[in-house]
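Fold and contact review
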Amino acid sequence: GSAELVFHQRRLENTQTVLSQTMTPPGKGPLANRLSWTADSFLARGSEGKMEVIAGFPDLSPWGRDALIALPGLLLSTRRFPEARELLESMASYVKDGLIPVRLSEEGGLPEYDSADTSLWFFWAVWHYLKATRDFSFVVKICMPAMLSLAVSSRSRRRMSGSRNECSNKYAYK
């Protein structure tokens, strides 16, 4: 369908961009080179131009959770720091009521906020980004406000629900 065509167009554009930037893939040695180039096949630009990780194409839309989990391996280990920064900034922009969406819509739908652990993966990904880049300015300016919002809202939800187990489903938004 149209989503598949858009995906392949974006993948071709991404590949052309990488090729135009360098003919030598990042990493050292043949295996690292192959892994670096393969990592690019999971990256795409969404309909709003934001960096996304496509983990389960064609069956799944982009997942915020998977993007955060994959960030160290796909972007940091391959020294794609600008893309990692862009992905974290994108995820921070989606913070709503103390949650980050687990899934992002490809065709104009709303992001799905039905997983509390995606917010925890954001903290984890920011930590790995900071260790790899030492980009304190970006973390303080962009990530910290989102992280504070996530922490404050999570604490409020736990107090209101009386149980940590109820949090993840009681306050999920679609």
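Below, the structure is looked at part by part. What you see is a predicted model, and the numbers here were worked out from it, not measured in a lab.

Below, the discussion takes up the overall build of the protein chain. Summing up its helical and strand segments, the protein chain has 7 helices and 2 strands in all. Along the protein chain, helices (α) and strands (β) appear in the sequence α-α-β-β-α-α-α-α-α when read from the amino end. Looking at the protein chain as a whole, 39% of its 174 residues qualify as buried. A separation of at least 24 residues holds for 59% of the contacts in the protein chain among residues at least 6 apart in sequence. Total accessible area on the protein chain stands at roughly 9800 Å², and carbon and sulfur atoms take up 56% of it.

Ranked by size, the top nonpolar core spans 32 residues in total, and within it Leu-71, Leu-88, Phe-122 and Cys-143 carry the most contacts. Contributing elements (two or more residues each) for this core: β2 (51-53), α3 (64-76), α4 (81-93), α5 (117-133) and α6 (136-161). Ignoring sequence-local partners within four residues, the contact set of Leu-88 consists of Leu-68, Leu-71, Phe-122, Ala-125, Val-126, Tyr-129, Phe-138 and Cys-143.

It is worth spelling out the environment of Lys-96 at this point. Within the secondary structure, Lys-96 is located in the loop between α4 and α5. With a relative accessible area of 37%, Lys-96 lands in the partly exposed category. With 54 residues separating them along the chain, Lys-96 and Leu-150 place their C-alpha atoms 8.4 Å apart.

Thresholds applied
- Residues numbered from 1 in each chain as written.
- Predicted model: local features only at pLDDT ≥ 70, side-chain atom pairs only at ≥ 80, totals over all residues.
- Heavy atoms only, no water.
- Helix = DSSP H or I, 4+ residues; strand = E, 2+ residues; numbered from the N terminus.
- Buried < 20%, exposed > 50% of the residue type's maximum accessible area, 1.4 Å probe, protein only.
- Contact = heavy atoms within 4.5 Å.
- Areas by Shrake-Rupley, 256 points an atom, 1.4 Å probe, with all protein chains shown as cover.
- Core = buried A, V, L, I, M, F, W, Y, C linked by side-chain atoms within 4.5 Å.

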